[in-house]
Amino acid sequence: MPFRWNPELRPEDITPEELFRQRRRFMKSAALVGVGAVLGMESLEAAETSAPLGEVRSGVVTLNEKQTPFADASGYCNFYELGTGKEDPSRQADRLVTKPWSVLIDGEVGRPGRISLEELIKPHPLEERVYRMRCVEAWSMVIPWVGFSLGALLQRFEPGPKAQYVSFETILDPERLPGQKRDILEWPYREGLRLDEAMHPLTMLAVGMYGRVLPNQNGAPLRLVVPWKYGFKSIKSIVRITLTEQQPVTSWNAHAPGEYGFYANVNPAVSHPRWDQSRERRIGEFLRRETLPFNGYGEQVAGLYTGMDLTRFF
Ligand code: MTE
């Protein structure tokens, strides 16, 4: 479907986010005009949402900021396995098969093993937490995640005395996930945290958002959420969690170590080599806002980094 430019706007006046939003609005209104008589607005919205989740405890951590609309959070995504365009992941979401799903938990733990997703989630009451998320590309969203603390899960597997880091891996399935046939990153996507970061109560494993099952494009059935770090740390569709003694290799750090550090704490004082990191555009807003150190979670997490030079360990 062609995108109609507003003739008063020059390409350089418009950011990719605005372009995306305008195109969505245009497509939506075109769809409504075209098939409105059959579908109507309600069923169009319904088609965009996933199944409701079971019982969810409400906000242990919450935020008095306007939430990003579900359509934006599930339509403007980064998930390179499903394509590098922001709309590719939602368009190609069906390629990710999430049933059955299991996670291997191994490395420096007392009780390693493979566990089905259902078994893994069962003992953890689901709770909703509304977090600010800040992407390295300088846009941000406010998303109500549903999940539980990663720390509670790790405790069950009894981290051993040598465990210092936690490494995560996304599913590897190049036959179904087209991005994994391309030489963009080394697959599978990998991420890592220091053990104390992983055990921090703000760090969560999400299985849903907006009270509903996580859409595939957002990392179903299980993804990490670390709200004080840039979005690339929040690895999607996790199949393996390994406790390690050494700092693990992570995809973006291996790909471009000068641009993406292991820590990746949101830090307005450290610029990305190709762009400024001091301001961000909240999706849905026009004016940029100041980026907060640790994405606004400094009071809770700054203590993890006491004595560290965060310009060196970026
Ligand atoms: N996880 C995997 N497996 N593959 C990816 O490409 N992209 C990361 C992160 N997790 C990515 C991933 C990046 S760069 C961001 S900003 C967030 O996912 C985006 O999450 P969202 O699309 O749910 O907003």
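Treat the numbers as computed from the prediction; the structure is a model and nothing was measured.

Draft legend 1. Summary view of the pairing of strand β7 (residues 204–209). With six of its six residues buried, β7 lies for the most part within the structure. When strand β4 (residues 139–149) meets β7, the two strands line up antiparallel, connected through five bridges. If you follow Gly147 over to β7, its bridge partner there is Ala206. In terms of strand pairing, β7 meets strand β9 (residues 223–225) through three bridges, oriented antiparallel. By the bridge assignment, Met204 is partnered in β9 with Val225. Both β7 and strand β8 (residues 212–213) contribute to a ladder of two bridges, which runs antiparallel. By the bridge assignment for β8, Met209 is matched with Arg212. Two successive antiparallel strands, β7 and β8, enclose a turn made up of two residues, where Tyr210 displays a positive phi of approximately 55 degrees.

Draft legend 2. Local environment of the site of the ligand. Taken together, 15 residues surround the ligand, and among them Tyr80, Glu81, Thr170, Arg223 and Lys236 come closest. Within the side chain of Thr170, an N or O atom sits 2.9 Å from a nitrogen atom of the ligand. Here an oxygen atom of the ligand sits 2.9 Å away from a polar atom, N or O, in the side chain of Asn218. In isolation the ligand exposes 530 Å². Once the protein is present, 95% of that is buried. Looking at the shell around the ligand, its residues break down into seven nonpolar, five polar and three charged.

Rules behind the numbers
Residues numbered from 1 in each chain as written. Predicted model: local features only at pLDDT ≥ 70, side-chain atom pairs only at ≥ 80, totals over all residues. Heavy atoms only, no water. Buried < 20%, exposed > 50% of the residue type's maximum accessible area, 1.4 Å probe, protein only. Helix = DSSP H or I, 4+ residues; strand = E, 2+ residues; numbered from the N terminus. Pairing = 2+ DSSP bridges. Near = heavy atom within 4 Å. Polar contact = N/O pair within 3.5 Å; in protein donor to acceptor, adjacent residues only side chain to side chain. Areas by Shrake-Rupley, 256 points an atom, 1.4 Å probe, with all protein chains shown as cover. Nonpolar A, V, L, I, M, F, W, Y, C, P; charged D, E, K, R; others polar.

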